Amino acid sequence: MLSFATSAEDLLRSRFALSPVFELGCLLRRLAGRDEALPADWAARLGPVFARLRRDPALAAVLALHTARSGADFIAPPPRGLAQTWEEDLAAVRATPPAVARREIDGLLRRAPAREPRAAEVLASAEVVETVAAAMDRAWHALLAPEWPQLRAVCERDVVHRVGVIGARGWQVAVEELHPALAWRGGRLTLPMSGPDLEVDLAGEGLLLVPSVLVSPGIAAFHEDPWPRAVIYRARGTSVLWERAAPDPDALGALAAVVGRSRALLLVQLATPASTSQLARSLGLAPGAVGDHLAVLRGAGLLARARSGRSVLYRRTALGDALVRGRAEA
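Everything in this summary refers to the structure shown in the same document. Keep in mind the model is a prediction, meaning the values are calculated, not measured.

Criteria and cut-off values
- Residues numbered from 1 in each chain as written.
- Predicted model: local features only at pLDDT ≥ 70, side-chain atom pairs only at ≥ 80, totals over all residues.
- Heavy atoms only, no water.
- Buried < 20%, exposed > 50% of the residue type's maximum accessible area, 1.4 Å probe, protein only.
- Helix = DSSP H or I, 4+ residues; strand = E, 2+ residues; numbered from the N terminus.
- Arc of directions from axis to C-beta.
- Contact = heavy atoms within 4.5 Å.
- Pairing = 2+ DSSP bridges.
- Axes fitted to C-alpha atoms, helices over the stretch in contact; angles between N-to-C directions.
- Polar contact = N/O pair within 3.5 Å; in protein donor to acceptor, adjacent residues only side chain to side chain.
- Phe/Tyr/Trp six-rings, centres within 6.5 Å; stacked < 30°, edge-to-face > 60°.
- Lys NZ or Arg CZ within 6 Å of the ring centre and 35° of its normal.
- Core = buried A, V, L, I, M, F, W, Y, C linked by side-chain atoms within 4.5 Å.

A short note on helix 5 (residues 86-94)
Along helix 5, the residues that are buried comprise Trp86, Asp89, Leu90 and Val93. Considered in projection along helix 5, the buried side chains sweep an arc of 95 degrees and stay on one side of the axis. Check the buried side of helix 5 and you find it contacts helix 2 (20-31) and helix 8 (128-144).

Quick look at the sheet that holds strand 5 (residues 198-201)
Taken together, the four strands give an open sheet; going across it, the order is 3-4-1-5, and neighbouring strands pair in mixed fashion. Of all the strands in the sheet, the pair left with one neighbour each is strand 3 (183-185) and strand 5. Averaged over all adjacent pairs, the angle separating strand axes in this sheet is 25 degrees, with direction ignored. Bridge count between strand 1 (residues 2-5) and strand 4 (residues 188-191): four bridges; the pairing is antiparallel. Of the residues in strand 4, the one forming a bridge with Ser3 is Thr190.

Looking at the environment of Asp158
Structurally, Asp158 is set in helix 9 (residues 148-169). Of the residues examined, Asp158 reaches a relative accessible area of 0% and is grouped as buried. Separated by 78 residues in the primary sequence, Asp158 and Arg236 have C-alpha atoms spaced 5.5 Å apart. With near-sequence residues (within four places) excluded, Asp158 lies in contact with Pro211, Tyr233, Ala235 and Arg236. Within the structure, Asp158 has its side chain in polar contact with the side chain of Tyr233 (distance 2.5 Å).

With respect to the packing of aromatic side chains
With the rule as written, the count across this model stands at five aromatic pairs. On the basis of an interplanar angle of 5 degrees and a centroid distance of 4.7 Å, the ring pair of Trp86 and Trp140 is categorised as stacked. Here Trp140 lies in helix 8 and Trp86 lies in helix 5, a separation of 54 residues in the sequence. Each member of the pair Trp86 and Trp140 is classed as buried. Of the aromatic side chains, those joined through ring pairs into one cluster are Phe22, Phe222 and Trp227. Above the ring of Trp42, the side-chain terminus of Arg45 is found at 5.0 Å from the ring centroid.

A closer look at the nonpolar core
Soluble, globular proteins show a tendency: their nonpolar side chains are buried together. Core analysis: the biggest nonpolar cluster contains 61 residues, and Leu28, Leu65, Phe74, Met136, Leu143 and Leu214 have the highest contact counts within it. Sort the elements by how many residues they give to this core and helix 8 lands first, with ten residues. Setting aside residues no more than four positions away along its own chain, Leu214 makes contact with Glu23, Cys26, Leu27, Arg30, Leu38, Leu144, Leu151 and Trp242.

Following this line, the structure appears as structure tokens:
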């Protein structure tokens, strides 16, 4: 059991962040069969690309740095906020001093030797930091960059929801709702962890909360440097994302015939509330065009909107739900 001892000051200093590099690591482990399987549609699309990338010894080295319980710190730099980008993460990896990388790699290989000779050769080279960073960048652009706007929108929508829960019902409810395994007991946040019980005092530094679509099995925690004390949890809307990963072309076509393709896509996306900017990023549309479509759908009674903090979130009404389902039971 892992326990985070918290104080009122810790709650005030707790904050949210996004981590593109953490998502990439989760995706690589899942594609390599080390964590729970991806949904069938995602596996079918990304599996052949991953198989091609995996022939590169440099990516084999990256996988060797991702062990079952931990990994090399330098390939997973901590996020600094909600605006974190892949380019910032990659720059942090490349800025790793060679001596630091060598110390981490050697320590990791003593615990879990690389199984593939070609990976071991890369990890032993003097240029290992740049070689690994370049392989990670290729994997990002081939596997995750096309999906990232949608994944980022899911995580951003989750943060808006959590902030609303904190304001309305308090930190305890907000944190316990992150995952069924989390519990708030007497000023301590507890979650299951293999090995001996461990208590970590946040010491007034607060907790970093990181929503994730790809975290497996649904929750993770960091309690040692260089990361701040952090909980990574599965974002709300992830299951909806998986369910719509392979939309029925006939159903979407029928809906598009009624309201138009862009408005049909918006209605499908709004199974969970979202703002105009989040929808624009997720669908690759201009914010102005999204705003115009939302106004039309709202005028037709298919959407409602409400303010949450500084954001205006749209959601489907019962009539919108019925239209998407293809039924007339609103």
